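# Commentary on secondary and tertiary structure
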Amino acid sequence: MAQRVIVTGGAGFIGSNFIRCIINKYPHYKVINIDKLSYSGNLENLRDIKSDNYQFIKADIKNYALMQHLVDEGDIVVNFAAESHVDNSINEPEVFIENNVLGTHSILEAARRKKAKLFIQISTDEVYGSLGFDSKSSTEKDLLNPSSPYSASKAAAEMVCMGNIRTFNQPIIITRSSNNFGPYQFPEKVMPLFITNLIGEKKVPLYGTGKNVRDWIHVSDNCEAIDFIIHNGQPGEVYNIGGGNELQNLDLTKSILSCLGADESSIKYVEDRKGHDLRYSLDCSKIKSMGWNPKHSFDSALNETVQWYKQNSWWWEPLKNIEGRRTS
Ligand code: NAD
Ligand code: DAU
């Protein structure tokens, strides 16, 4: 029987890039995309996928009976489905607890009861909480210390997974990645928001002083790492996945401005995010010692990403004015 891979949240940014990666690399695998199509889920992200081995099912992972029906023995389940934007979690925390914690519990239990071969929980570097400028990078053994409703919900989902690993010996792997960038990212996140604002000759809203640090990884490097972990990772383990590109937001902004021929007069300093984490930084020696390394260099990947948004306004223009979302 062909390997079946269930991708939840596959109509979102990373999930859709992951589906493209898996279909190109393993054309014989059956790929089933389960997504409820929230505001950030968009089937246009997968418009170019033509494979007969790909199937989309519109469903909510919180629907446990349906998840039990959809997951089969031997499946690999990769759980990307989540509310993903920190600012939204500050305005509406309950949606994050429902989807990220209860949703994970539901699909995880379906995977356990149906004897899925492997469950990959896609988590985030934000679970480690804020680091100082000079602190050591986070290792997989560090304590979780989340600071937003988003990161708390992701840490809680990890704890639900940890409980099942210990109690049921369920084959689960957790990945914690840094900030992804690339094509098909909803224009609420800083990179596509700033790029599309500048293409439209608008200013970019930089929070606080712009000193906060994020580590940037091209989405295809993260997708390759998840594939690597599926095939080489140890069930029960956690793996950090970072790009090794730590940048202060102001420096990131200057690089984006320069790619688009704009200057610092296009920056509008705005009120800081509540509880804004100063820095995230991942120690990735565990996955690197197994043979994975990111392939993209930051400057050329940023330039390619800017070009993609310039050439694909058909994709992001309809998203810029979605009701109830801040996309400029
Ligand atoms: P996204 O918002 O672009 O996509 C999330 C997808 O999940 C959407 O298609 C949405 O419709 C779907 N979804 C949400 N709740 C669902 C539910 N209950 N049932 C079914 N589908 C549901 O997010 P993204 O940036 O692609 O992030 C994907 C995952 O990766 C998330 O778990 C996020 O926490 C994690 N992550 C993201 C980043 C990043 O930089 N974007 C970094 C580390 C980890
Ligand atoms: O670190 C991984 C996380 O990266 C993922 O788990 C999240 O799903 C993903 O959304 C992302 O979270 P961030 O909060 O780091 O990403 P965001 O693009 O929202 O913000 C990046 C930085 O830019 C952050 O320091 C806040 C700042 N920012 C953001 C926005 C939207 C601004 O200065 N202005 C803005 O308008």
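Residues numbered from 1 in each chain as written. Chains lettered and ligands numbered in written order. Predicted model: local features only at pLDDT ≥ 70, side-chain atom pairs only at ≥ 80, totals over all residues. Heavy atoms only, no water.

### Looking at the overall build of the chain
Looking only at helices and strands, one finds eleven helices and twelve strands in the chain. In terms of overall dimensions, the chain is globule-like: its C-alpha atoms have a radius of gyration of 19 Å, near the 20 Å expected for 328 residues. When its C-alpha atoms are laid out on the principal axes, the chain stretches across 55 × 45 × 40 Å. Restricting the contact set of the chain to residue pairs at least 6 apart, pairs at least 24 apart contribute 82%. When the accessible surface of the chain is summed, it comes to about 14,200 Å², and 49% of that surface belongs to carbon and sulfur atoms. The positive charge centre, built from 36 side chains, and the negative charge centre, built from 39, are 3 Å apart in the chain. (Helix = DSSP H or I, 4+ residues; strand = E, 2+ residues; numbered from the N terminus. Rg over C-alpha atoms; globule rule 2.2 N^0.38 Å. Contact = heavy atoms within 4.5 Å. Areas by Shrake-Rupley, 256 points an atom, 1.4 Å probe, with all protein chains shown as cover. Lys, Arg positive; Asp, Glu negative; His and termini not counted. Charge placed at Lys NZ, Arg CZ, Asp CG, Glu CD.)

### A look at the nonpolar core
Within the largest apolar cluster, 37 residues are counted, with the highest numbers of intra-cluster contacts made by Phe18, Val78, Phe80, Ile120, Ile226, Ile230 and Ile287. When residues of this core are traced back to their parent elements, those giving at least two are strand E1 (4-8), helix H1 (13-25), strand E4 (76-79), strand E5 (118-124), helix H7 (219-232) and strand E10 (238-241). When near neighbours in sequence (up to four residues on either side) are disregarded, phenylalanine 18 contacts Val7, Val78, Phe80, Cys223, Ile226, Asp227 and Ile230. Ranked by size, the runner-up nonpolar core spans 27 residues in total, among them Phe181, Ile267, Ala301 and Leu302. (Core = buried A, V, L, I, M, F, W, Y, C linked by side-chain atoms within 4.5 Å. Buried < 20%, exposed > 50% of the residue type's maximum accessible area, 1.4 Å probe, protein only.)

### Some points on the site of ligand 2
Near ligand 2 there are 23 residues, and of these Asp125, Tyr150, Asn179, Arg273 and His276 occur at the shortest range. Within the side chain of asparagine 179, a nitrogen or oxygen atom sits 2.7 Å from an oxygen atom of ligand 2. Those elements that provide at least two residues to the shell around ligand 2 are helix H3 (86-91), helix H6 (190-199) and strand E8 (204-207). Considered class by class, the residues forming the shell around ligand 2 number eight nonpolar, seven polar and eight charged. When residues of the shell around ligand 2 are assigned to domains, at least three map to each of domain 1 (4-180 + 216-241) and domain 2 (187-214 + 246-277 + 297-319). (Near = heavy atom within 4 Å. Polar contact = N/O pair within 3.5 Å; in protein donor to acceptor, adjacent residues only side chain to side chain. Nonpolar A, V, L, I, M, F, W, Y, C, P; charged D, E, K, R; others polar. Domains from an automatic or database assignment.)

### Quick look at the sheet that holds strand E2 (residues 30-35)
With parallel pairing, the seven strands of this open sheet are ordered in space as E3-E2-E1-E4-E5-E6-E10. Every interior strand has two partners, whereas the edge strands, strand E3 (54-58) and E10, have only one. Direction aside, neighbouring strands of the sheet carry axes that sit 20 degrees apart on average. Pairing analysis gives four bridges linking E4 to E5, with the strands arranged parallel. Residue valine 78 lies in a different strand from E5, and its bridge partner there is isoleucine 120. Strands in contact with H7 are E4, E5, strand E6 (172-177) and E10; relative to E5, the strand with the most contacts, it is inclined by about 145 degrees. (Pairing = 2+ DSSP bridges. Axes fitted to C-alpha atoms, helices over the stretch in contact; angles between N-to-C directions.)

### Brief notes about the domain arrangement of the chain
The assigned domain composition of the chain is domain 1 (4-180 + 216-241) and domain 2 (187-214 + 246-277 + 297-319). Taking only C-alpha atoms, the centre of domain 1 and the centre of domain 2 are 26 Å apart. On the side of domain 2, 22 residues touch domain 1, which itself brings 19 residues to the contact. The contact between domain 1 and domain 2 buries some 1,700 Å² in all, and 53% of this surface belongs to carbon and sulfur atoms. For the domain 1 face of the interface with domain 2, the top three residues by lost area are His85, Phe133 and Trp216, together amounting to 37%. Counting every contact that joins domain 1 to domain 2 gives one salt bridge. Arginine 273 is the salt-bridge partner of aspartate 87, the closest N and O atoms lying 2.6 Å from each other. Our enumeration of links across domain 1 and domain 2 arrives at seven residue pairs in polar contact (both at pLDDT 80 or more). Within the residue set of the side of domain 1 that touches domain 2, elements represented by two or more residues are H3 and strand E9 (213-218). Top element by residues in the side of domain 1 that touches domain 2 is H3. It accounts for four residues. Looking at the side of domain 1 that touches domain 2 residue by residue, the classes come out as five nonpolar, eleven polar and three charged. (Buried area = accessible area lost by both parts, 1.4 Å probe. Salt bridge = Lys/Arg side-chain N within 4 Å of Asp/Glu carboxyl O.)

### Re the site of ligand 1
Around ligand 1, a shell composed of 28 residues is seen, among which Asp35, Ser40, Ser84, Tyr150 and Lys154 lie nearest. Contact between ligand 1 and glycine 12: an oxygen atom at 3.0 Å from a main-chain N or O atom of the residue. Those elements that place two or more of their residues in the shell around ligand 1 are H1, E5, helix H5 (149-168) and strand E7 (179-181). The element that contributes the greatest number of residues to the shell around ligand 1 is E5, accounting for three residues. For the shell around ligand 1, a count of residues per class yields eleven nonpolar, 13 polar and four charged.

### A closer look at the pattern of salt bridges
This structure, assessed with the given rule, holds 17 salt bridges. Residue arginine 47 pairs with glutamate 44 through a salt bridge whose shortest N-O separation is 3.4 Å. Of the residues examined, glutamate 44 reaches a relative accessible area of 32% and is grouped as partly exposed. Here glutamate 158 ties to arginine 176 by a salt bridge, and the two come within 2.6 Å at their closest N and O atoms. Of this pair, glutamate 158 sits in helix H5 while arginine 176 sits in strand E6, placing them 18 residues apart in sequence. Arginine 176 shares its class with glutamate 158; the two are buried.

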